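Observations on the three-dimensional arrangement
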Amino acid sequence: MNPAAFGQGINHFLAGFALVRQPGLRRYVLIPLLVNLVIFVLAVWLAADHFAGLMEALTARLPDWLDWVAWLLWVLLAMLLLIVIFYGFTLVANIIGAPFNSLLAARVEERLTGQKPGGTTSLGFLADAWQDLISEALKLRYFLGLVAVGAVVSLAMLPFGITAPLLPILWFLISAWSLALEYSDYPLSNRGIRFSEQRLQARTRRSLMLGFGTAATIATMIPLVNFTVMPVAVAGATRMWVMNRESNIVDSGPAA
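None of these values were measured; they are calculated from a predicted model.

Calculation notes
Residues numbered from 1 in each chain as written. Predicted model: local features only at pLDDT ≥ 70, side-chain atom pairs only at ≥ 80, totals over all residues. Heavy atoms only, no water. Core = buried A, V, L, I, M, F, W, Y, C linked by side-chain atoms within 4.5 Å. Buried < 20%, exposed > 50% of the residue type's maximum accessible area, 1.4 Å probe, protein only. Helix = DSSP H or I, 4+ residues; strand = E, 2+ residues; numbered from the N terminus. Axes fitted to C-alpha atoms, helices over the stretch in contact; angles between N-to-C directions. Parallel < 35°, antiparallel > 145°, perpendicular 65-115°, else oblique. Left-handed = near helix turned anticlockwise from the far one by under 90°. Contact = heavy atoms within 4.5 Å. Nonpolar A, V, L, I, M, F, W, Y, C, P; charged D, E, K, R; others polar. Arc of directions from axis to C-beta. Salt bridge = Lys/Arg side-chain N within 4 Å of Asp/Glu carboxyl O. Phe/Tyr/Trp six-rings, centres within 6.5 Å; stacked < 30°, edge-to-face > 60°.

Judged by nonpolar contacts, the single largest core of 40 residues is most densely connected at Phe13, Trp177, Leu181, Tyr183, Met209 and Phe212. Counting residues per element, the ones that place at least two in this core are helix H1 (3-19), helix H2 (27-60), helix H3 (69-113), helix H4 (125-157), helix H5 (167-190), helix H6 (195-203), helix H7 (206-220) and helix H8 (229-247). With nine residues, the single largest contributor to this core is H8.

It is worth spelling out the packing of H1 against H7 at this point. Two numbers describe how H1 lies on H7: the axes approach to 6 Å, and their chain directions differ by 45°. As the angle between them shows, H1 and H7 are arranged oblique. For the pair H1 and H7, the crossing hand works out as right-handed. For the pair formed by H1 and H7, the contact residues are Ala5, Phe6, Gln8, Gly9, Ile10, His12 and Phe13 on the first element and Ser207, Leu208, Leu210, Gly211, Phe212, Thr214, Ala215, Ala216 and Ala219 on the second. A per-class count over the contact of H1 with H7 returns 10 nonpolar, six polar and no charged.

Burial in H6 covers these residues: Phe195, Gln198, Gln201 and Ala202. Angularly, the buried residues of H6 cover 115° about the axis, an arc narrow enough to put them on a single face.

Right, let's talk about the pattern of salt bridges for a bit. Applying the stated rule across the entire model yields one salt bridge. Put simply, Arg191 and Glu109 hold a salt bridge, and the shortest N to O gap is 2.4 Å. Residue Arg191 is found in the loop between H5 and H6, and its partner Glu109 is found in helix H3; the two are separated by 82 residues along the sequence. For Arg191, a relative accessible area of 30% translates into the label partly exposed.

We now examine the packing of aromatic side chains. What the rule picks out here adds up to two aromatic pairs. With a centroid separation of 5.7 Å and an interplanar angle of 90°, the aromatic rings of Phe13 and Phe17 are classed as edge-to-face. Placement of the pair is Phe13 and Phe17 together in helix H1, with a separation of four residues, close to one helical turn. Here Phe13 falls in the buried class, since its relative accessible area comes to 2%.

Here is the structure:
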């Protein structure tokens, strides 16, 4: 872990708050904000509406001598529900907002460098939106693989009281890495860099990526602030990769 690079990743995310408030960029933020608000409200409403009923159905099937298991089921289901809401909310919001996020990333890069991204094309909004959806599908496959690995490790660790407290850390790291890749995709795709190559570049900058993803993950947990995370993270990730090309920051050691 490179502490300096980790801190720079956090700073890049925080810089996104100032970037999205600049004149000329605000219009690309409004639609993603509305998308986040609507999806989040629906997700929380559905979760709250079904959680109590699901718990009652599960605990009703338990014999009296297993009443003590009810609290464990509550904790496990609550954790699972939070994971589903987090990934589901992030996934749906980013799929819907992908075309607007690509435009925002392009405008932020143009604002920072004075030039349009070298890999951008003029296919038109619909064609660009289709390319964004394909990119989201590729990312979804990768992220589902991470979630599957996390689920297997979690199930294997639960029987051990000592290792169980490590589960929140595991899922936090998965979330941080996923968000860093998710939002880095927009500025990198604008330059014609495919997701497979993006992952290779990210692995050589693990500390930078984890710092950025850590800040983004924490921001998603803060009420009201979480609605702004998507455009802020897109702007911050664009800044991160623009400045990274100039400084060529990499972690020591070979890529995994």
